[in-house]
Amino acid sequence: MSPGKTRKDLPEYEYPKETTEKLDYADLEALDISKLDQPGGIEELSAQVLNFINKNGFFYVAGHGLTDEDIRRQYAIAEQFFDLPLEEKTKYLANTAAGDFRGYKARATGEQAGKDNDERYNIPKFTPEHERPHPQLILDHYEEIKTFSLHIHNQILLPLLRIFAHALELDTEYFVNQHRYTAPGLEYLRYMKYHPSPRPLWAIGHTDYNTLTFLFHQPISGLQVQTPLGWKYIRSSPLSIIVNVADALELLSGGYLKSTVHRVVRPPVDQRESARLSLIYFARPESQVRLERVRSPLLERLGVKAEGEESLGGVTAEEWARARIAKDHRFRAGLVGSREGEIIAGVKQKYYD
Ligand SMILES: O=C(O)CCC(=O)C(=O)O
Ligand SMILES: [Fe+2]
């Protein structure tokens, strides 16, 4: 992404050590998106997608153009961010009660402390819609964070959307046209820190509510995917990005592409004392995109039709995400004792321990 010059304004981020424990890993495929530029590349990649995507909505992306240094720079910024005093971070609180995840989410304290041991800072798209105050640390690295985010959107998300559209026999630009960077829509880069905790489950099993989620390398094990054979760990490697299909893409594909159920568990014994940083990009459709099944020749031939899709026909990407974020807020804040059932338009949320 960037010319490989060494920047000395922040302490370098070094990855923690890998675990020596033998874990049960999911077997995931890697899509090398650099092949898209080659003749026959999109045909090959979409055939590969069709081969695995029904079995598992998690996969790796290789050939993505980000260097190890680019990624570690983002972790270096994240690490410094979480070291800021709490009163500084809480000046930038996200309004999660209103379903808005931009800004800072603290970890829970008091009676709720047992429920939530992670802090987050969500940095939205760099468009006028999302101009907002940030701590000086973020402003000092604004251009770098922007370049990193734009690279993910333009050089990784859009190529993948072209591959998915091709696989569904749609116009190659079909999904791209629902993800214009400058259009209103809340996608964001997330810095996340889990503090060591004896809780066995650090993030309850869930699906994400966006299009695709990009998880960057993090050697502290804990991320797991639900499979027909039970929960399996996701192996992380410095060379590839972990990607998962999320709700919006599931709804747009009438349930053909599956929003993956995943969770984060307490790391293995030899990594227990370390905090776990996550660097994640949540790509979302534009706010006004209706989450209804596309007219895809492939889906028509297969007779794909999702449960409850009639009632969801009018729901937009923004309404869906706000409803889910606000619901999550009520649970974390202890306003509801157990998970509520309905998300929106009668669609029930499922939780998976
Ligand atoms: O931290 C991780 O590895 C995954 C976090 C996650 O699933 C989420 O924030 O939606
Ligand atoms: Fe998630």
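Predicted model, so just to flag it, every value in this text is computed and none were measured.

Considerations on the overall build of the chain
Reasoning step 1: Across its full length, the chain carries nine helices and 14 strands.
Reasoning step 2: Expressed as a percentage of its 353 residues, the buried residues of the chain come to 57%.
Reasoning step 3: Only carbon and sulfur atoms are counted for the fraction: they give 51% of the accessible area of the chain, which is about 15500 Å².

Quick look at the UniProt feature "domain: Fe2OG dioxygenase" (unreviewed entry) in the chain
Reasoning step 1: As annotated by UniProt and renumbered to match this structure, "domain: Fe2OG dioxygenase" (unreviewed entry) occupies residues 185-285.
Reasoning step 2: Between the end C-alpha atoms of residues 185-285 there is a gap of 7 Å, over a span that is 6% helix and 43% strand.

Regarding the sheet that holds strand S9 (residues 230-233)
Reasoning step 1: Taken together, the four strands give an open sheet; going across it, the order is S6-S11-S8-S9, and neighbouring strands pair in antiparallel fashion. Among the strands making up the open sheet, the edge pair consists of strand S6 (201-206) and S9. Between one strand axis and the next, the sheet turns by 30° as a mean value, whatever way the strands run.
Reasoning step 2: With three bridges connecting them, strand S8 (residues 223-227) and strand S11 (residues 262-265) associate as antiparallel partners. Paired with Val225 across the strands is His262, a residue of S11.

Let's talk about the side chain of Arg102
Reasoning step 1: Mapping Arg102 onto the fold places it in the loop between helix H3 (86-89) and strand S3 (103-105).
Reasoning step 2: A residue is classified by how much of its surface remains accessible, and Arg102, at 16% relative accessible area, is buried.
Reasoning step 3: Separated by 2.7 Å, the side chains of Arg102 and Asp100 make a polar contact.

A word on the packing of helix H1 (residues 41-52) against helix H5 (residues 142-167)
Reasoning step 1: Two numbers describe how H1 lies on H5: the axes approach to 8 Å, and their chain directions differ by 75°. By the angle between their axes, H1 is roughly perpendicular relative to H5. On H5, the residues that touch Ile42, Glu43, Leu45, Ser46, Val49 and Leu50 of H1 are Arg162, Ile163, Phe164, His166 and Ala167.
Reasoning step 2: The residue inventory of the contact of H1 with H5, partitioned by class, reads seven nonpolar, two polar and two charged.

Topic: the nonpolar core
Reasoning step 1: Grouped together as the largest cluster of nonpolar side chains are 91 residues, with contacts concentrated most on Phe59, Leu160, Phe164, Phe175, Tyr191, Phe214 and Phe216.
Reasoning step 2: Per-element accounting of this core gives the leading share, 11 residues, to H5.
Reasoning step 3: Each residue touching Phe214, except ones within four places of it in the same chain, is listed here: Ile152, Ile156, Leu157, Leu160, Ile241, Ile242, Val243, Leu279, Ile280, Tyr281 and Ala283.

A few points about the pattern of salt bridges
Reasoning step 1: The full count for this structure, using the stated rule, is 18 salt bridges.
Reasoning step 2: With its nearest N and O atoms 3.0 Å apart, the salt bridge here joins Arg73 to Asp9. Pair noted here: Arg73 is in helix H2 (residues 68-82) and Asp9 is in the segment before strand S1 (30-32), with a separation of 64 residues, a long-range link.
Reasoning step 3: With relative accessibility at 6%, the residue Arg73 sits in the buried group.
Reasoning step 4: Residue classification places Asp9 among the partly exposed residues on the basis of a relative accessible area of 47%.
Reasoning step 5: Taken together, the salt bridges that share partners define one network made up of Glu12, Glu14, Asp68 and Arg72.

Side note on the site of ligand 1
Reasoning step 1: Near ligand 1 there are 13 residues, and of these Arg190, Tyr194, His262, Arg276 and Ser278 occur at the shortest range.
Reasoning step 2: Ser278 has a polar side-chain atom sitting 2.7 Å from an oxygen atom of ligand 1.
Reasoning step 3: Protein contacts shield 94% of the accessible area of ligand 1, which totals 290 Å² for the unbound molecule.
Reasoning step 4: Residue assignment for the shell around ligand 1 shows that the elements contributing at least two residues are strand S5 (188-194), S11 and strand S12 (276-283).
Reasoning step 5: Ranked by the residues each element gives to the shell around ligand 1, the list is headed by S12, at four residues.
Reasoning step 6: The residue makeup of the shell around ligand 1, split by class, is seven nonpolar, three polar and three charged.

Concerning the sheet that holds S3
Reasoning step 1: Taking strand neighbours across the sheet as the criterion, the eight strands line up as S1-S2-S10-S7-S12-S5-S4-S3 in an open arrangement whose pairing is mixed. Only two strands of the sheet have a single partner each, and these edge strands are S1 and S3. Pairwise comparison of adjacent strand axes, ignoring direction, gives a mean angle of 25° for this sheet.
Reasoning step 2: Strands in contact with H1 are S1 and strand S2 (58-62); relative to S1, the strand with the most contacts, it is inclined by about 170°.
Reasoning step 3: Contacts from H5 reach S1, S2, strand S4 (118-124), S5, strand S7 (212-215), strand S10 (241-245) and S12, with the element oriented near 130° to S7.

Looking at the pairing of S8
Reasoning step 1: Burial within S8 is extensive, with four of its five residues counted as buried.
Reasoning step 2: Judged from the four bridges that link them, S8 and S9 form a sheet pairing that is antiparallel. Paired with Thr227 across the bridge in S9 is Gly230.
Reasoning step 3: The loop that links S8 with its antiparallel partner S9 comprises two residues.

Points about the packing of aromatic side chains
Reasoning step 1: This model, assessed by the stated rule, comprises 16 aromatic pairs.
Reasoning step 2: Relative to Phe59, the ring of Phe52 has its centre 5.6 Å away and its plane inclined at 50°; by these criteria the two rings are tilted.
Reasoning step 3: Judged by relative accessible area, which is 5%, Phe52 ranks as buried.
Reasoning step 4: Residue class for Phe59 comes out buried when judged on its relative accessible area of 0%.
Reasoning step 5: An aromatic cluster is defined as three or more aromatic residues linked by ring pairs; in this entry it consists of Phe81, Phe82, Tyr104 and Tyr121.
Reasoning step 6: Its guanidinium or amino end placed over the ring of Phe101, Arg190 lies 4.9 Å from that ring's centre, counting from NZ or CZ.
Reasoning step 7: Sitting above the plane of the Tyr25 ring, Arg235 keeps its charged end 3.9 Å from the centroid.

What counts, and at which threshold
Residues numbered from 1 in each chain as written. Chains lettered and ligands numbered in written order. Predicted model: local features only at pLDDT ≥ 70, side-chain atom pairs only at ≥ 80, totals over all residues. Heavy atoms only, no water. Helix = DSSP H or I, 4+ residues; strand = E, 2+ residues; numbered from the N terminus. Buried < 20%, exposed > 50% of the residue type's maximum accessible area, 1.4 Å probe, protein only. Areas by Shrake-Rupley, 256 points an atom, 1.4 Å probe, with all protein chains shown as cover. UniProt positions renumbered as here; feature names shortened; annotations may be inferred. Pairing = 2+ DSSP bridges. Axes fitted to C-alpha atoms, helices over the stretch in contact; angles between N-to-C directions. Polar contact = N/O pair within 3.5 Å; in protein donor to acceptor, adjacent residues only side chain to side chain. Parallel < 35°, antiparallel > 145°, perpendicular 65-115°, else oblique. Contact = heavy atoms within 4.5 Å. Nonpolar A, V, L, I, M, F, W, Y, C, P; charged D, E, K, R; others polar. Core = buried A, V, L, I, M, F, W, Y, C linked by side-chain atoms within 4.5 Å. Salt bridge = Lys/Arg side-chain N within 4 Å of Asp/Glu carboxyl O. Near = heavy atom within 4 Å. Phe/Tyr/Trp six-rings, centres within 6.5 Å; stacked < 30°, edge-to-face > 60°. Lys NZ or Arg CZ within 6 Å of the ring centre and 35° of its normal.

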